[in-house]
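Each chain is listed here by its residues.
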Amino acid sequence: MNILVVLKQTFDTEEKIVIQGGNISEDGVEFIINPYDEYAVEEAIKLKEEHGGEVTVVSVGPDRAESAIRTALAMGADKAVLVDDESLFGDEFTTAKVLAAVAKKVGFDIILGGQMAVDTGAGQGGPRLAEELGINHVSTAVKLEVNGSQVRVERDVEGDLEVVETSLPVLITAQQGLNEPRYPSLPGIMKAKKKPLERLSANDLGLSADEVAAKTEIVDQFLPPTKGAGRILSGDLSAQASELVQLLRNEAKVI
Amino acid sequence: MKKVLVLAEVRDGQLRNVSLEALAAAQLIADGGEVVAGVFGANAAAHAATLGHHGAAMVYTAEHEALAQYTPDAYTQAVTQLIELAAPDAVVLGHTAIGRDVAPRVAARLGYGLVSDVTGIEAGPVFIRPIYAGKAFQKRKFVDGKLFVTIRPNNIAAGAADESKSATVVPVDLEIKDLRTIVKEVVRKTSGKVDLSEAKVIVSGGRGVKSAEGFQTLQELADVLGAAVGASRGACDADYCDYSLQIGQTGKVVTPDLYIACGISGAIQHLAGMSSSKVIVAINKDPEAPIFQIADYGIVGDLFEVVPLLTAEFKKVLV
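If you're wondering where the values come from, they're calculated on a predicted model, not measured in any experiment.

## Topic: the overall build of chain A
Move 1: Counting its secondary structure elements, chain A contains seven helices and 15 strands.
Move 2: Considering only C-alpha atoms, chain A reaches an extent of 65 × 45 × 40 Å along its principal axes.
Move 3: Counting all 255 residues of chain A, 49% fall into the buried class.
Move 4: Counting only contacts in chain A whose residues sit at least 6 apart along the sequence, the fraction spanning at least 24 positions is 71%.

See below:
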């Protein structure tokens, strides 16, 4: 089975955000594989272990994304493609067009990715990419089974569980709970250094910057207003409980 | 002036509140232009009056067996056809399980941009949306093509119903074919419970809840308040509750009127998911817990003592 994983490198979720000159500062920031994409990488490796085949990791992003890709290779992916051509960076419309071009070039039976990235949080990547490729998609998977060309997915729908059946080729987006991603082993990390990583440009993909030009642009980025410290109640606990209820009713007026 | 189409959503026979919020958002975008709505499924016409009271001049209704249950294929075809029929300048959906799944697919099919998970709209229009799960925000505008947005529940206030207004109901026939997904079963784990993303009040537990049974104490408070129960990553990782309850940068981002954090220390990744709540209450044994720094009201104490006291107090005033 030819398995494609789309992956984004993101800030570690414990990082604070600092804005300098309208841009988000990357100074001293720890980068990780987007946690939802990490579930996708794990699931891809499990599919390969069960059915055979090859796992290709694909990312669109700057040069630093190589470290996230090497982590996925160390977990057990076989090869990777990084599109680090800045003329192909834009919005969600752009990225889906670029990933579709890569997917067509590499080939696939199944595509896996996270249900969203924890940085931009739009969750557009999976459905858009599937549509660009003319294939079906199933989002927020918490269980995936592939038998021949038949695919059974359990998906999280706002807390309910939906069981769906479809067939290959298909794109699946991973929800938390799909699996427990493995840690790369030391031999895995050594091997990953030698696994093939192909860097592609607009030219290699037959794309022009114009045809993938973003439909939207960012006009500003800002931090939310900081909250002043609140009130810590005092007295015995039952008096505090009673005071809190009164405050919520009469001062905050939320109950 | 713009013509704006809202795709309304029905869940368990009820029009979702986010659809009324979408009508309010549509009026901001329309800037005096016409607002129309579409609604799918059996009994769709029953909701046209409410949509009319909230500003839809026209409501397209479509009843089709393939729309009874969400699938990407059926809904992509339906929404695309509705957009082609209504020919709006802008389209607004709720950022719900359905909206966030179908909107990008439709946007790709029609070659549109899409700004997802919008929490505010300014003149222009400029769309405000959270990034890094609310640690920061960005303002986005469209540079090409139609405007297409999904709005986060609980952020753009729905307008008051004006019963003197009504909508023209236009039944439409949709052509839906070649479906590639079969929904075999839906296991309702949330039945009878309040949906986290639209909840006005959330009672949330962390590692301090100590066990799955411990969450029952929180559920009792939630029941009195008509609240949803949520959890921190720590509580989910420890298997005290299902991942579908997780609030944080991984998990759900929520913005209720009242968020009661019980036994949650306040890791950055959790704060990202709830710090935009209007009023935050923290209950924690550790007075140094970071959660107190963003809480409006704090009680330092054992949640297993404090929460039952609160449940009893709320019962006195609410029941």
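Resuming the write-up.
## Things to note about the domain arrangement of chain B
All names here are of chain B.
Move 1: Domain parsing of chain B yields domain 1 (4-171) and domain 2 (196-318).
Move 2: The gap between the C-alpha centroids of domain 1 and domain 2 is 31 Å.
Move 3: Opposite the 10 residues of domain 1 that make contact, domain 2 presents 10 residues.

## Focus on the pairing of strand E12 (residues 170-174) of chain A
Residues and elements named next belong to chain A.
Move 1: Along E12, five of the five residues are buried, which leaves the element largely enclosed by surrounding structure.
Move 2: Both faces of E12 are covered, namely the face carrying Val-170, Ile-172 and Ala-174 and the face carrying Leu-171 and Thr-173.
Move 3: In this sheet, E12 lies alongside strand E8 (residues 110-114) in parallel orientation, the contact comprising five bridges. Looking across to E12, one finds that Ile-111 is bridged to Leu-171.

## Things to note about the packing of helix H5 (residues 214-225) of chain B against helix H8 (residues 303-318) of chain B
Residues and elements named next belong to chain B.
Move 1: Contact geometry for H5 and H8: axes closest at 9 Å, N-to-C directions at 15 degrees. The angle between H5 and H8 falls in the class roughly parallel. For the crossing formed where H5 meets H8, the hand is left-handed. Contacts between H5 and H8 involve Thr-217, Leu-218, Glu-220, Leu-221, Val-224 and Leu-225 from the first element and Phe-304, Val-307, Pro-308, Leu-310, Thr-311, Phe-314, Lys-315 and Leu-318 from the second.
Move 2: Class assignment of the residues belonging to the contact of H5 with H8 gives a composition of 10 nonpolar, two polar and two charged.

## Structural notes on the nonpolar core
Move 1: One finds Val5(A), Val41(A), Val57(A), Ala72(A), Ala77(A), Val6(B) and Val92(B) to be the most contacted residues of the largest nonpolar core, which totals 184 residues.
Move 2: Both domains that meet at this core, namely domain 1 (4-171) and domain 2 (196-318) of chain B, each give it at least three residues.
Move 3: Non-local contacts of Ala77(A), meaning those with residues more than four positions away in its chain, are made with Val5(A), Val41(A), Ala44(A), Ile45(A), Val55(A), Val57(A) and Ala72(A).

## Notes on the sheet that holds strand E1 (residues 4-7) of chain B
All names here are of chain B.
Move 1: Judged by pairing direction, the sheet is parallel, and its seven strands sit side by side in the order E7-E11-E6-E1-E4-E5-E12 without closing on themselves. Among the strands making up the open sheet, the edge pair consists of strand E7 (115-118) and strand E12 (168-171). Within this sheet the neighbouring strands show an average axis-to-axis angle of 25 degrees, counted without direction.
Move 2: When E1 meets strand E4 (residues 35-40), the two strands line up parallel, connected through four bridges. Within E4, the position partnered with Leu-5 by the bridge is Val-36.
Move 3: Across the face of the sheet, helix H4 (residues 97-110) comes into contact with strand E6 (90-94), E7 and strand E11 (147-151) while running at roughly 170 degrees to E11.

## Some points on unusual backbone geometry
With the exception of glycine, the majority of residues adopt a negative phi angle, and the majority of peptide bonds are in the trans configuration.
Move 1: Cis rather than trans, the peptide bond between Leu168(A) and Pro169(A) has omega equal to -5 degrees.
Move 2: Secondary-structure assignment places Pro169(A) in the loop between strand E11 (160-167) and E12.
Move 3: Note that the residue after Gly124(B), namely Pro125(B), is joined by a cis bond; omega there is -5 degrees.
Move 4: In this model, Lys253(A) sits at a positive phi of 55 degrees, which is unusual for a non-glycine residue.
Move 5: As for its position among the elements, Lys253(A) is in the segment after helix H7 (237-251).
Move 6: For Asp12(B), which is not glycine, the phi torsion reads 50 degrees and is therefore positive.
Move 7: Here Asp12(B) shows up in the loop between strand E2 (10-11) and strand E3 (14-15).

## Things to note about the pairing of strand E9 (residues 126-131) of chain B
Residue and element names in this part refer to chain B.
Move 1: Examined bridge by bridge, strand E8 (residues 120-122) and E9 share three bridges and lie antiparallel to one another. Within the sheet, the bridge partner assigned to Glu-122 lies in E9 and is Val-126.
Move 2: Linking E8 to E9, which pair antiparallel, is a turn of three residues; within it Gly-124 sits at a positive phi near 140 degrees.
Move 3: Two elements, E9 and strand E10 (residues 136-142), share five bridges in a ladder whose sense is antiparallel. Note that in E10 the partner of Ile-128 across the bridge is Lys-139.

## Points about the environment of Pro125(B)
Residues and elements named next belong to chain B.
Move 1: Of note, Pro-125 is situated in the loop between E8 and E9.
Move 2: As a C-alpha pair, Pro-125 and Phe-142 span 17 residues in sequence and 8.5 Å in three-dimensional space.
Move 3: Other than its neighbours up to four places away in sequence, Pro-125 contacts Leu-28 and Ile-29.

## Considerations on helix H3 (residues 72-86) of chain B
Residue and element names in this part refer to chain B.
Move 1: The end-to-end C-alpha separation of H3 is 21 Å, in line with the 21 Å expected for 15 residues at 1.5 Å each.
Move 2: Residues Pro-72, Ala-74, Tyr-75, Thr-76, Gln-77, Ala-78, Val-79, Leu-82 and Ile-83 constitute the buried set of H3.
Move 3: The first or second residue beyond H3 is Ala-87, which carries a positive phi of 45 degrees.

## What about the UniProt feature "domain: Electron transfer flavoprotein alpha/beta-subunit N-terminal" (unreviewed entry) in chain A?
Move 1: Under the local residue numbering, the UniProt record ascribes the feature "domain: Electron transfer flavoprotein alpha/beta-subunit N-terminal" (unreviewed entry) to residues 21-209 of chain A.
Move 2: Counting secondary structure, residues 21-209 of chain A comes out at 33% helix and 31% strand; the distance between its end C-alpha atoms is 26 Å.

## Here we look at the interface of chain B and chain A
Move 1: In this complex, chain B contributes 78 residues to the contact, which on the side of chain A involves 71 residues.
Move 2: Looking at which element gives the most residues to the side of chain B that touches chain A, the answer is H4(B), with eight residues.
Move 3: Sheet topology note: the strand E15 (residues 231-232) of chain A/strand E18 (residues 297-300) of chain B ladder contains two bridges and is parallel. Paired with Ile232(A) across the strands is Gly298(B), a residue of E18(B).

Rules behind the numbers
Residues numbered from 1 in each chain as written. Chains lettered and ligands numbered in written order. Predicted model: local features only at pLDDT ≥ 70, side-chain atom pairs only at ≥ 80, totals over all residues. Helix = DSSP H or I, 4+ residues; strand = E, 2+ residues; numbered from the N terminus. Buried ≥ 20, exposed ≤ 12 C-beta atoms within 10 Å, placed from the backbone. Contact = placed C-beta atoms within 7 Å. Domains from an automatic or database assignment. Pairing = 2+ DSSP bridges. Axes fitted to C-alpha atoms, helices over the stretch in contact; angles between N-to-C directions. Parallel < 35°, antiparallel > 145°, perpendicular 65-115°, else oblique. Left-handed = near helix turned anticlockwise from the far one by under 90°. Nonpolar A, V, L, I, M, F, W, Y, C, P; charged D, E, K, R; others polar. Core = buried A, V, L, I, M, F, W, Y, C linked by C-beta atoms within 7 Å. Expected span 1.5 Å × (residues − 1). UniProt positions renumbered as here; feature names shortened; annotations may be inferred.

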